[in-house]
Amino acid sequence: MISTSQLPAASLAPRKNRKNNPEKTRENILQEAIVEFVQQGLSGARVDAIAERIHTSKRMIYYYFGSKEQLYVEVLEKLYGDIRNTETRMNLTELEPQEAIRRLVEFTFDHHDQNVDFVRIVSIENIHNAEYVKRSDSIKAMNSNILEALGTTLQRGAELGVFRAGLEPLDVHLLINSFSFYRVSNRHTFSEIFQIELSDEAVKQRHRAMICESVLRYLQA
């Protein structure tokens, strides 16, 4: 008989239980779905291709998400959630109004510049006339939160005499996002037509400063 002292250490180690991790599985599927939808759009995306990337089955993806369309909706929710959750953590209402606006503009510019997938997915959703955004109550809710924080900041600025009164939070939100979004969504055509390298760091910093100054000048009393 072989004693335990003669057995390899590995054979004596307790065997680890393999437990499913549903949250990790869902996150893996979502990450690969982002890649597929960005590259192929909603119409061209294939659930089979997503399954192949993470070495799982199409049946498993349908188990977690029900359909390709629902998976796409949850991709939208994740990407919108990433930007809105970060905005919430900035605690804009606790900052001096001008500093709060500056931080929000700089964050928005940087986020769009560094998250091309977000810009691409939003562009794709606009092709579909926001059909899938309409299916998500959470997207509407999370976007209303930033408008509320922005509105509070603008009101505080007006009370302190640094911002003019009567500013619409939605208009300011549109002003900030439109420039930041367009720079990324149209980067290829804009760069070619005007022969400018938008990814050049000096150009990027110039544009970042420009949108900050433009917004603050628009808001000032």
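As named in an unreviewed UniProt entry, the protein is Transcriptional regulator, TetR family, taken from Pseudomonas mucidolens.

## Some words on the packing of helix H5 (residues 68–89) against helix H6 (residues 97–114)
The axes of two packed helices give the description: the angle between them and the distance between them. Between H5 and H6, the shortest axis-to-axis distance is 11 Å and the interhelical angle comes to 155 degrees. One element, H5, and the other, H6, form an angle in the roughly antiparallel class. For the pair H5 and H6, the crossing hand works out as right-handed. Here Ile83, Thr86 and Glu87 of H5 come into contact with H6, specifically with Leu104, Phe107, Thr108, His111 and His112.

## Structural notes on the packing of aromatic side chains
Per the counting criterion, the structure on display carries six aromatic pairs. Arranged with centres 6.2 Å apart and planes meeting at 85 degrees, the rings of tyrosine 182 and phenylalanine 190 form a pair that is edge-to-face. The class for tyrosine 182 is partly exposed, based on a relative accessible area of 43%. Judged by its relative accessible area of 27%, phenylalanine 190 is partly exposed.

## Some thoughts on the UniProt feature "domain: HTH tetR-type" (unreviewed entry) in the protein
The sites that carry the UniProt feature "domain: HTH tetR-type" (unreviewed entry) are, in the present numbering, residues 23–83. Helix makes up 87% of residues 23–83 and strand 0%. Its end C-alpha atoms lie 20 Å apart.

## With respect to the UniProt feature "DNA-binding region" (unreviewed entry) in the protein
According to UniProt, the feature "DNA-binding region" (unreviewed entry) maps to residues 46–65 in the numbering used here. Taken end to end, residues 46–65 has its terminal C-alpha atoms 14 Å apart, with 75% of it in helix and 0% in strand.

## Looking at unusual backbone geometry
Positive phi, normally seen in glycine, also occurs at alanine 130, with a value near 60 degrees. Here alanine 130 is to be found in the loop between helix H7 (116–127) and helix H8 (137–160). Residue classification places alanine 130 among the partly exposed positions, given a relative accessible area of 28%. The backbone of glutamine 195 sits at a positive phi, close to 50 degrees, despite the residue not being glycine. Tracing the backbone shows glutamine 195 in the loop between helix H10 (187–194) and helix H11 (201–219).

The rules we used
- Residues numbered from 1 in each chain as written.
- Predicted model: local features only at pLDDT ≥ 70, side-chain atom pairs only at ≥ 80, totals over all residues.
- Heavy atoms only, no water.
- Axes fitted to C-alpha atoms, helices over the stretch in contact; angles between N-to-C directions.
- Helix = DSSP H or I, 4+ residues; strand = E, 2+ residues; numbered from the N terminus.
- Parallel < 35°, antiparallel > 145°, perpendicular 65-115°, else oblique.
- Left-handed = near helix turned anticlockwise from the far one by under 90°.
- Contact = heavy atoms within 4.5 Å.
- Phe/Tyr/Trp six-rings, centres within 6.5 Å; stacked < 30°, edge-to-face > 60°.
- Buried < 20%, exposed > 50% of the residue type's maximum accessible area, 1.4 Å probe, protein only.
- UniProt positions renumbered as here; feature names shortened; annotations may be inferred.

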